[in-house]
Amino acid sequence: MKNRLTLSIAIAMLLGVVVGYACHASITDATELKEVAGYFSIVTDIFLRLIKMILAPLVFCTLVSGLAGLDSGNDVGRIGLRSVAWFLCASLISLAIGLVMANLTQPGAALHLTAGAGEVNTGLNTAGLNVRDVVTHAFPTSVLDAMARNDILQILVFSVFFGLALSALKRDTKVAFVIQAVDGLVPVMLRLTDYVMRFAPLGVFGAIASVVTLRGLDVLFTYGKLLGSFYLALVILWVVLVAVGYAFLGPRIGALLKAVREPAMIAFSTASSEAAFPRLTEKLEEFGVDKKVVGFTLPLGYAFNLDGSMVYQAFAAIFIAQAFGIDMPASQQVVMLLILMLSSKGMASVPRGSVVVVAAIAPMFGLPAAGVALVLAIDQLLDMGRTMTNVIGNSIATAVIAKWEEKRQSQAPELARESA
């Protein structure tokens, strides 16, 4: 069944390309093309709505169930610190790869564009990217509101407090009923996830067919160098992530990548991290990752560990500078890297966050808004790659942190005997 679903998703992607190209080639009117693409996207919208329907309760019950079994809050603090340390290092490496590859491949150098006198409206809201809003946004005023909006970070914060409260009171017989109820909800949500994922091939087909119908295959040649250079940068990042994962997991890194290939394909074809989250949670637990680590680290990673998006931001900024002939010395690029590092941590709560971050920092370095609009033209194709990379990066991060926890737990009895 599991291999059949993976094969079905792959076939759906190919069919989406074929059907989309047939529609693009046979329809000449732009309005009609947009209308047909809209019909295809109906299927994808329904699939994504089903995913969003289960996302909040899945995050809540898996995290709370794991935290309720803790002996103290020290485990949460330790896992949290290790997760954040990994995320920061991964973000810096991803940004650096984006900068280096953009400078080496020079994807925008041949365009020789000039910025117009008028201001170009990209339609992106950059107002939400400030320190005050980013910090305060993490803490919900209402958990029901956070769940209604599927705000993973806010759900995570509430779930941590709720899980720790249950852990502190778990010896109370009245509270034991609540813990049993949450534990019982986990397998129900995982079964519900299986039901929803049966619609994945249809959602994938609709997403691919819609994009190809609207853009055609010509866009691959028009922006060929940008797309090729960007995906080459992603491949290099994959190699780095797998190499680091091998250092901690050994040969099991291959089994991990095989386990998460299905959610990675879903993320690529739909360009939606949310679409992959339920299946990714299930696959990581099947792989043997402690549900406590999955429940805490994975949602946190979805908010702060977006490796593919990091590559994209650095790459897009340098591409815009090259396209408009703006000289950016190495020192200025390093400053931009650090600013991107800080700014990007708030993008999880902002629609089209990766592009918004680029639009927000562009004026600081004299990059024209027209350049952001240029990248927006193929953002869907770029988003597919960076979203899949985000899923792979978070999978490896979660598995490595779980490995650290296993090692610590195995060493605990020996340390206790030595101290005695």
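(A) Up close: the nonpolar core. The biggest cluster of nonpolar side chains holds 124 residues, and the ones touching the most others in it are F47, L256 and M336. For this core, the leading source of residues is helix α2 (residues 30-68), giving 14 residues. Each residue touching M336, except ones within four places of it in the same chain, is listed here: L99, A317, I318, M328, I361 and F365.

(B) Structural context of a nonpolar patch on the surface. Among the surface-exposed residues, Y39, I42, V43, I46, F199 and L202 lie close enough to one another that they form a single nonpolar patch of about 580 Å² accessible area. The biggest single contributor to the nonpolar patch is α2, with four residues. Here V43 is to be found in helix α2.

(C) Focus on the packing of aromatic side chains. Under the counting rule described, the total for this entry stands at ten aromatic pairs. Relative to W404, the ring of W86 has its centre 6.3 Å away and its plane inclined at 70°; by these criteria the two rings are edge-to-face. Of this pair, W86 sits in helix α3 (residues 74-105) while W404 sits in helix α19 (residues 379-419), and the two are 318 residues apart along the sequence. For W86, a relative accessible area of 10% translates into the label buried. Measuring from ring centre to ring centre gives 5.8 Å for F230 and F315, while their planes differ by 70°; the resulting arrangement is edge-to-face. Taken as a pair, F230 in helix α10 (residues 224-249) and F315 in helix α15 (residues 307-323) lie far apart in primary sequence, 85 residues in all. With respect to class, F230 is no different from F315; both count as buried. Through successive ring pairs, a cluster of aromatic residues spans F230, Y231, Y312 and F315. Between the NZ or CZ atom of R252 and the centre of the ring of F287, over which it lies, the distance is 4.1 Å.

(D) Representation of helix α13 (residues 273-287). For α13, spanning 15 residues, the distance from its first C-alpha to its last is 20 Å, which sits close to the expected 21 Å at 1.5 Å a residue. Residue R279 marks the point of greatest curvature in α13, where the axis turns by about 35°. With eleven of 15 residues buried, α13 lies mostly within the body of the structure. When we look at burial in α13, the residues that qualify are A275, A276, F277, P278, R279, L280, T281, E282, K283, L284 and F287. One or two residues past the end of α13 sits G288, with phi positive at roughly 115°.

(E) Representation of the pattern of salt bridges within the structure. All told, the structure shown has five salt bridges when counted by the stated rule. Measuring nitrogen to oxygen at the nearest pair gives 2.7 Å for the salt bridge that ties E262 to R279. In this pair, E262 sits in helix α12 (residues 261-270) while R279 sits in helix α13, placing the two residues 17 residues apart along the sequence. Of the residues examined, E262 reaches a relative accessible area of 1% and is grouped as buried. The closest approach of N and O atoms between R386 and D383, which form a salt bridge, is 3.0 Å. Of this pair, R386 and D383 both sit in helix α19, three residues apart, roughly one helical turn.

(F) Structural context of the side chain of N305. Along the chain, the position of N305 falls in the loop between α14 (291-304) and α15. The buried category is assigned to N305, whose relative accessible area is 0%. Engagement of the side chain of N305 in a polar contact is seen with the side chain of N394, the distance being 3.0 Å. Leave out the neighbours within four places in its chain, and N305 touches W86, F87, A90, L300, N390, G393, N394 and A397.

What counts and what doesn't
Residues numbered from 1 in each chain as written. Predicted model: local features only at pLDDT ≥ 70, side-chain atom pairs only at ≥ 80, totals over all residues. Heavy atoms only, no water. Core = buried A, V, L, I, M, F, W, Y, C linked by side-chain atoms within 4.5 Å. Buried < 20%, exposed > 50% of the residue type's maximum accessible area, 1.4 Å probe, protein only. Helix = DSSP H or I, 4+ residues; strand = E, 2+ residues; numbered from the N terminus. Contact = heavy atoms within 4.5 Å. Patch = residues over 30% accessible without salt bridge, like charges linked within 9 Å, V, L, I, M, F, W, Y side chains within 5 Å. Areas by Shrake-Rupley, 256 points an atom, 1.4 Å probe, with all protein chains shown as cover. Salt bridge = Lys/Arg side-chain N within 4 Å of Asp/Glu carboxyl O. Phe/Tyr/Trp six-rings, centres within 6.5 Å; stacked < 30°, edge-to-face > 60°. Lys NZ or Arg CZ within 6 Å of the ring centre and 35° of its normal. Expected span 1.5 Å × (residues − 1). Bend = angle between axes of the 7 residues up to and from the residue. Polar contact = N/O pair within 3.5 Å; in protein donor to acceptor, adjacent residues only side chain to side chain.

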